[in-house]
Amino acid sequence: PKGGYWHAVGDSGTLKTWTAFCLFAEAARNPHFKDYRFVYDNAENGALMDVERFFGPAVLPRLRQPRTGQAGSALVQEFYYHVELNVRRGPCIYVLDSMDALQDLADDEQFEAQLRVYDTGKGKGDVKGNMGMGKAKSNSRNIARIANQTLRENGSILVVISQTRDRLNSHIPGQKTYSGGHNLKFYAHVQTWTKLKGDLRRDYKGKDREYGSLISFDVTKNRVSGWHGKTPPVTFLAGYGVDDVGTSVAYLIDERHWKKPGAAAPEAKCRRAFSDGDDEDGGGKAVHAPEFDYTGDAEGLVAKIQAEGREAELAALVGRVWAEIAAAVTPPRKPRYE
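Just so you know, the residues in each chain are numbered from 1, in the order the chain's sequence is written. For this predicted model, a pLDDT threshold of at least 70 governs which residues receive local features, and a threshold of 80 or more governs which side-chain atom pairs are given and counted, while totals over whole chains, interfaces and linings are taken from all residues. Side-chain measures here rest on the full set of heavy atoms in the structure, leaving out hydrogens and waters.

1. Some points on the overall build of the protein
Argument step 1. The secondary structure listing takes helices from DSSP runs of H or I that are at least 4 residues long and strands from runs of E that are at least 2 residues long, numbered from the N terminus. Each helix and strand counted, the protein has ten helices and 14 strands in total.
Argument step 2. By the burial criterion, 43% of the 338 residues in the protein qualify as buried.
Argument step 3. Whether two residues are in contact is decided by their heavy atoms, any of which lying within 4.5 Å being enough. Counting only contacts in the protein whose residues sit at least 6 apart along the sequence, the fraction spanning at least 24 positions is 65%.
Argument step 4. By element, 53% of the accessible surface of the protein is carried by carbon and sulfur atoms, the whole surface being about 19,000 Å². When a residue's accessible area, from a 1.4 Å probe over protein chains only, is under 20% of the maximum for its type it is buried; when over 50% it is exposed; and in between it is partly exposed. We get accessible surface area from the Shrake-Rupley algorithm with a probe of 1.4 Å; when it comes to residues, only the shown protein chains can shield them.

2. Description of the confidence of the model for the protein
Argument step 1. What pLDDT reports is the predictor's confidence in each residue, on a scale of 0 through 100. In this model, the protein carries an average pLDDT of 89, and 88% of its residues clear a pLDDT of 70 or more.
Argument step 2. Taken together, the stretch residues 263–273 has pLDDT below 50 and engages in 26 contacts with residues farther than four places along the chain or on a different chain.
Argument step 3. Considering only residues more than four positions removed or in separate chains, one finds that residues 275–283, a stretch of pLDDT under 50, has 14 contacts.

3. Focus on the pairing of strand β5 (residues 157–163)
Argument step 1. Of all seven residues that make up β5, six are buried, and the element is covered over most of its length.
Argument step 2. The sheet contact formed by strand β1 (residues 5–10) and β5 spans six bridges and is parallel. Bridge pairing in β5 links Y5 to L158.
Argument step 3. DSSP bridges decide pairing: two strands pair if at least two such bridges lie between them. Of the strand pairs in this sheet, strand β4 (residues 92–97) and β5 are connected by five bridges, and their pairing is parallel. If you follow D97 over to β5, its bridge partner there is I161.

4. Looking at the pattern of salt bridges
Argument step 1. Salt bridge, as applied in this entry: a Lys or Arg side-chain nitrogen positioned within 4 Å of an Asp or Glu carboxyl oxygen. As enumerated under the stated definition, the model contains 14 salt bridges in all.
Argument step 2. The shortest N-O distance in the salt bridge between K176 and D166 comes to 3.0 Å. Here the residue K176 occupies a position in strand β7 (residues 176–177), and D166 occupies one in strand β6 (residues 165–166), the gap between them amounting to ten residues.
Argument step 3. Given the relative accessible area of 31%, K176 is considered partly exposed.
Argument step 4. Residues participating in the shared-partner salt-bridge network are D199, R201, D208 and E210.

5. Observations concerning the pairing of strand β9 (residues 207–222)
Argument step 1. Note: strand β8 (residues 190–204) against β9, 14 bridges, orientation antiparallel. Of the residues in β9, the one forming a bridge with T192 is V219.
Argument step 2. Connecting the antiparallel pair β8 and β9 is a turn made up of two residues, with K205 showing a positive phi of about 55 degrees.
Argument step 3. For β9 and strand β11 (residues 234–237), the ladder comprises four bridges, and the chain directions are antiparallel. Paired with G212 across the bridge in β11 is L237.
Argument step 4. In sequence, β9 turns back onto strand β10 (residues 229–230) through a hairpin of six residues, with G226 there showing a positive phi of about 90 degrees.

6. Focus on the layout of surface pockets
Argument step 1. A cavity, in this analysis, means grid points on a 1 Å lattice covering only the protein atoms where a 1.4 Å probe fits yet has no way out; a pocket is instead an open set bounded by protein on both sides within 12 Å along at least five of seven lines, and a residue lines either one if it has an atom within 4 Å of a point. Grid points are joined across faces, edges and corners, and a volume is the space filled by probe spheres set on the points. Each pocket or cavity is described by its volume, and for the largest pocket that value is around 2,000 Å³.
Argument step 2. Along the wall of the largest pocket there are 47 residues; nearest its centre are T19, C22, E26, V242 and D244.
Argument step 3. When residues of the lining of the largest pocket are traced back to their parent elements, those giving at least two are β1, α1 (16–28), α2 (51–55), β8, β9, β12 (241–242), α7 (244–254) and α10 (311–329).
Argument step 4. For the lining of the largest pocket, the element with the most residues is α1, which contributes seven residues.
Argument step 5. For the lining of the largest pocket, the class distribution of residues is 28 nonpolar, 13 polar and six charged.
Argument step 6. Considering only enclosed or pocket space, the second largest pocket measures out at about 590 Å³ in volume.
Argument step 7. Considering the residues around the second largest pocket, the lining is formed by 25 residues, among which R165, Y178, S179, G180 and G181 are closest to the centre.
Argument step 8. Only α4 (105–120), α5 (134–150), β6 and β7 provide two or more residues apiece to the lining of the second largest pocket.
Argument step 9. In terms of residue count, α4 provides more of the lining of the second largest pocket than any other element does, three residues in total. Under the convention adopted here, Pro, Cys and the residues Ala, Val, Leu, Ile, Met, Phe, Trp and Tyr are nonpolar, Asp, Glu, Lys and Arg are charged, and Gly plus all remaining residues are polar.

Printed below as a string of structure tokens:
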């Protein structure tokens, strides 16, 4: 929502930057955001994909640097100055990519002091300070102001991208965290974690070839609707991007809203069958979708929906099925405060 802050945490290659650019693309075709500037703070010097090809011709002309002549912030203090100054110029969607690429002024000063000690040979050990903790302290001082005051002034939106890190000294193998301190989550309106669920592969000319991946989204904080949990995996196709229609069709098949002959296939098998229709149990064939007056393979259904421009109908159907499932698994209770 306008005035909100989204913290996007995830492993490498799990659509964090891509999803942020999808946000730009959606805003570019939404009249409620016609006066918004798109500020991309490219702190880690990434995102080299063809923006116009993947996100449409309307995004690139509206992209702005955080400061003229500066493609990305270097210090966490600069980042907060850039957000404040950009919001004061008018409503914007500001994406920081990423928090991990930023240094803190105090940490920089301590590094320089240690470098001088090393270079001159005068002194031993580390220079006193709080090396590595400066960023968390700066976030603790500033993120509350941005989230609770600055963004609300004109409905600007902030997206902060963070890379996952292994949690040290944890007794749980594979447990993850992120840099910058706990306040990044505390003041977020939404926090999501993304990870690679699996590769999409198919055989072509006798070779096993990868053509995409499945990405899972875990909503760990949600001030918008209150819902927490894992979403169905999102399909990402190499050379195309997020396969929204294909993901939606696969979801409706996986949830058995649309019937198909034979036993229900496991998710990974169903996904493979979705692409080529050659799964050994026939899981990829003969999907019956009465809402679209269609019976046939899933890929043909995707083509029909796109050819007829009925993506909005599909999205609405997914929403209804999602709501039906949520209502069915939640025990009925009389409202406590009527």
